[in-house]
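If you want the building blocks of each chain, they are given just below.
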Amino acid sequence: MFWKFDLHTTSHIDTLLEKEDVTLTEVMDEEDVLQECKAQNHKLVDFLLRPQCMDDLVTFITQEPNADVEEKVKYKYPNISCELLTSDVGQINDRLGEDDNLLMKLYGFLQNEPPLNPLLASFFSKVLSILIGRKPEQIVEFLRKREDFVDLVIKHIGTSAIMDLLLRMLTCIEPQQLRQDVLNWLNEEKVIQRLVDMVQSSQDEDRHSNASQSLCEIIRLSRDQMFQVQGSSDPDPLLATLEKQETVEQLLANIFDKEKNESAIVSVIQILLTLFETRRPAFEGHMDCPPGMSHPLFSVNHSILEAVRPRLKDFHQLLLEPPKKNLMKTTWGVLDPPVGNTRLNVVRLVASLLQSNTHTINTELINLNTLGVILDMYFKYIWNNFLHIQVEICTAMILAMPPAPTLSPNGQTDAEQDYARESILIKHLFEKCQFIQRILDAWTSNEKEQAEGGRRRGYMGHLTRISNSIVHNCDKGPNGPQIQHIISELPGEDRDRWESFISGQLSDTNKRNTVDLVNMHHIHSSSDDEVDFKDTSFHQDSSLQQAFSDYQMQQMTSNFIEQFGFNDEEFADQDDVVDIPFDRISDISFSLNTNESANIALFEARCKEKIQQFEEAGSDEEDIWDEKDVSFAPEAQRRPSSGSTDSEESTDSEEEDVKRDPFEVPGLSTDDRMDLCPCEPVGLLLPAECDGWSPANQSPLSSPAQRLSSPEAEEEEAASEQRSVTETVINGSMKETLSLTVDAKTETAVFKRLEQWPHGFFLFSGSLLTV
């Protein structure tokens, strides 16, 4: 949003508007026209406020575009017109809301025959909605003067945008008195009755759905308003009309007294479910009734229950004979008939009726055996979890609710009789419906099917929770004594099966379903508690590791662990800190009980082994991994740079089978050579204290400084301070160059080794030796 900080460049619209003959479409073709309008560009706003421009903008959103216009740009100008008119610019709102001609042109869109163009309807609804919010008095007065407004809204209720416009009139008008006047006006126009008439089999599915949604939203919005505005003495006339017994009876008559239509039935049930919502929070955070508001205000209206009770037999019949549906093929079989949306919503309605806990409703459900039919559906449709959850809700409410209060002959509740009564729903569920036996049979059947290789049935998770609910309410629920008494009167075989089921299969299933979210081991904090490492457990087979760990831990105390690491002063300047503890762990003693003599003998035996040369018999080519004898010669006598191994000297050496020491230094006799430890890398000269050498094997020349001294070397040293020896060997495809440089002045020797492999790969190694 660069225009907020005045960082945007000058818009081309300003230049365009300076033209005398500029048209509205030319301005709307500019890419930044919407941004400039929202930024309230004075030139642009003044141009749009021209009478002809305002008329054209309204025309774009209310009239169908030409059919010959390309589809991708067909609704370009209507869309931009809608955005300009709803950009919430005060001058545009004032001009549109105060000009009756523009309002009549806009209102004329409703006078078109259905169905309306859904896109243009959304443009019309959006423009009129913002006018209702910004200019409520003028728009309400204008609409009330139109006698056919409610008729046209109901006529086009099948268009979702028109339904939204009706709801906007209930939510966007902020002045409380004006809103109450609108509610009274709509109620006088019988908008509720007209919407109810839309929900019948003679209307199409879109009208069913939108009329039902409108009524549901009116119920919720009205109750939310009552929830927020507690001081208002005026009741909501629309909600009062909806809750009347005759209104509910008319709804039910539309679906039962005429041809059965699934869409109409589902829509009516949705309205009833909304009426049965006892308390619905108006906004997040209000889950309970606010102070000063009692629960009866949000309890189910008795007139609604009285209207529904005579029709329970019709809903029960829908469970047995729903609207005919074609068979449904699924991955596990064929459903004929499937559950269907009608029966699923009837079960939801039964769950809501049970929640009201009304004695007359409960008695009617028992007489019809509706609960038994619902249980039959539960065990028949084993993969419909939408049905399973509703049945679980029904059983959970029956088990947990106290007995429904009854009315005495004078119309009052008899508390003493209620205290001693038992729940008729629980008695019916356990005795008539044989709830316990059906659970046990279904569980046994599932286990048998699984044992034969079948799949676990889809209702088993819900069946587990239902069984747990029985056990819980039997012990702690308000109907616990009654449930215990009923179970105790079961036939002996069934009672034993139930007790065995609780302690066996159900208990095992609950254990499997219990998942530890964290490790159950107690976790200590190293900063709070001392850690005893000796309690660390090891596998039984790791005896050696256990012994070694015990040895380590016996020397590693908690004091050592706390002091392990570095102090801040260790990173300070060395000139300032002279007492840095480098040998912190030097006081830890280790006693290793090992056989040192055997180790020494083994080490000396390995040092005395010679490197054997392996050659594969019958091989025409040399193996690049074969070890070759390499000898050092004076630089003046070294081989040509080609390093060919076919030289005469090399051939003679092979025929005489004389193997040279690969680290032989020319000019030195055999006795004068430096002893090299075969266990160390090539070129490394060990001091006399090396454990790999015994005093008997040391050369007489191996002084502590390991000097290279011989008569010839002294003469060379007199002539030159450095002496260099280089040897080049070709071994198959590998070329190897070895060099040894001795500096008498610094008493150092440098050994270098360069291996050149095919494709230009090099391997270099070197050592700096103090001689």
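Residues numbered from 1 in each chain as written. Predicted model: local features only at pLDDT ≥ 70, side-chain atom pairs only at ≥ 80, totals over all residues. Heavy atoms only, no water.

What counts is decided by this rule: UniProt positions are given in the numbering used here, feature names are shortened, and annotations may be inferred rather than shown by experiment.
Identification of the protein chain as Protein phosphatase 6, regulatory subunit 3 from Gadus morhua is taken from an unreviewed UniProt entry. As recorded by UniProt, the Sequence similarities (unreviewed entry) comment attached to the protein chain reads in full: "Belongs to the SAPS family."

Remarks on the overall build of the protein chain
Operational definition: The way it works is that DSSP assigns letters per residue, a run of H or I at least four long becomes a helix, a run of E at least two long becomes a strand, and they are numbered from the N terminus. Only protein chains enter the area calculation, which uses a 1.4 Å probe; residues under 20% of their type maximum are buried, those over 50% are exposed, and those in between are partly exposed. Throughout, a residue-residue contact means that at least one pair of heavy atoms, one from each residue, lies within 4.5 Å. Residue-level accessible areas treat just the shown protein chains as cover; the underlying method is Shrake-Rupley with a 1.4 Å probe.
The secondary structure content of the protein chain amounts to 35 helices and six strands. Here the protein chain, with 771 residues, has 39% of them falling under the buried criterion. Of all intrachain contacts in the protein chain linking residues separated by at least 6 positions in sequence, the fraction that spans at least 24 positions is 66%. Carbon and sulfur atoms make up 49% of the accessible area of the protein chain, which amounts to about 45,700 Å² in all.

Remarks on the nonpolar core
Here is the rule we go by: In this description, a nonpolar core means a group of buried Ala, Val, Leu, Ile, Met, Phe, Trp, Tyr and Cys residues linked to one another through side-chain atoms lying within 4.5 Å.
Within the largest apolar cluster, 157 residues are counted, with the highest numbers of intra-cluster contacts made by Leu272 and Phe430. The residues contacting Leu272, other than those within four sequence positions of it, are Val248, Leu252, Val308, Phe315 and Leu349.

Quick word on the pattern of salt bridges
Basically, it comes down to this: A side-chain nitrogen of Lys or Arg and a carboxyl oxygen of Asp or Glu constitute a salt bridge if their distance falls within 4 Å.
Summed over all chains, the structure comprises 23 salt bridges. In this structure, the salt-bridge partner of Arg134 is Asp88, at a minimum N-O distance of 2.9 Å. Of this pair, Arg134 sits in helix α9 (residues 118–134) while Asp88 sits in the loop between α6 (76–85) and α7 (90–98), and the two are 46 residues apart along the sequence. Arg134 gets classed as partly exposed once you look at its relative accessible area, which sits at 47%. Judged by relative accessible area, which is 34%, Asp88 ranks as partly exposed. In this structure, the salt-bridge partner of Arg465 is Glu392, at a minimum N-O distance of 3.0 Å. Taken as a pair, Arg465 in helix α28 (residues 460–476) and Glu392 in helix α24 (residues 385–400) lie far apart in primary sequence, 73 residues in all. For Arg465, a relative accessible area of 46% translates into the label partly exposed. Members of the salt-bridge network, linked through shared partners, are Asp94, Glu98 and Lys135.

What to know about helix α5 (residues 51–62)
Keep this limit in mind: One fewer than the residue count of a helix, multiplied by 1.5 Å, yields its expected span.
For α5, which comprises 12 residues, the first-to-last C-alpha distance of 17 Å matches the rise-based estimate of 16 Å (1.5 Å per residue) to within 8%. Looking at the packing, one finds that the buried side of α5 touches α2 (24–28), α4 (42–48), α6, α7, α8 (100–107) and α9.

Focus: the packing of α7 against α8
When two helices pack together, their arrangement is captured by the angle between the axes and the distance separating the axes. Counted only if it meets this: Note on definitions: angles span 0 to 180 degrees between N-to-C directions of axes, and those axes are lines fitted to C-alpha atoms, for helices only across the stretch in contact. Note that the term roughly parallel is reserved for angles under 35 degrees, roughly antiparallel for angles over 145, roughly perpendicular for angles of 65 to 115, and oblique for everything else. As a working rule, the residues Ala, Val, Leu, Ile, Met, Phe, Trp, Tyr, Cys and Pro are called nonpolar, Asp, Glu, Lys and Arg charged, and the rest polar, with Gly in that last group.
Running from N to C, α7 and α8 cross one another at 80°; their axes reach a closest spacing of 5 Å. Relative to α8, the element α7 lies roughly perpendicular. Two secondary-structure elements touch here, α7 through Arg95, Leu96, Gly97 and Glu98 and α8 through Asp100, Leu102 and Leu103. Residues that form the contact of α7 with α8 fall into these classes: three nonpolar, one polar and three charged.

Remarks on helix α23 (residues 370–380)
The element α23 is largely enclosed, with a buried count of nine among its 11 residues. Looking only at α23, the buried set comprises Thr370, Leu371, Gly372, Val373, Ile374, Leu375, Met377, Tyr378 and Phe379.

A short note on the confidence of the model for the protein chain
Stated formally: The predictor's confidence in any single residue is recorded as pLDDT, a number from 0 to 100.
Looking at the protein chain as a whole, the pLDDT averages 76, with 63% of positions reaching at least 70. Across residues 568–588 the pLDDT falls below 50, and counting only partners more than four positions away or on other chains, this stretch makes 15 contacts in the model. Within the model, the stretch residues 631–713 combines pLDDT values under 50 with 105 contacts to residues more than four positions away or in other chains.

Section: the packing of aromatic side chains
Worth spelling out the cut-off: Any Phe, Tyr or Trp ring, taking Trp's six-membered ring, that has another such ring centre within 6.5 Å forms a pair; planes under 30 degrees apart are called stacked, those over 60 apart edge-to-face, and the others tilted.
According to the stated counting rule, one finds 12 aromatic pairs in the structure shown. Pairing Tyr107 with Phe142 gives two aromatic rings, centres 6.0 Å apart and planes at 85°, and the pair type is edge-to-face. Taken together, the residues Tyr107 in helix α8 and Phe142 in helix α10 (residues 136–145) connect sequence positions 35 residues apart. Across this residue pair, the class does not change: Tyr107 and Phe142 are buried. Aromatic side chains Tyr378 and Tyr459 sit 5.4 Å apart centroid to centroid with 35° between the ring planes, which places their arrangement in the tilted category.

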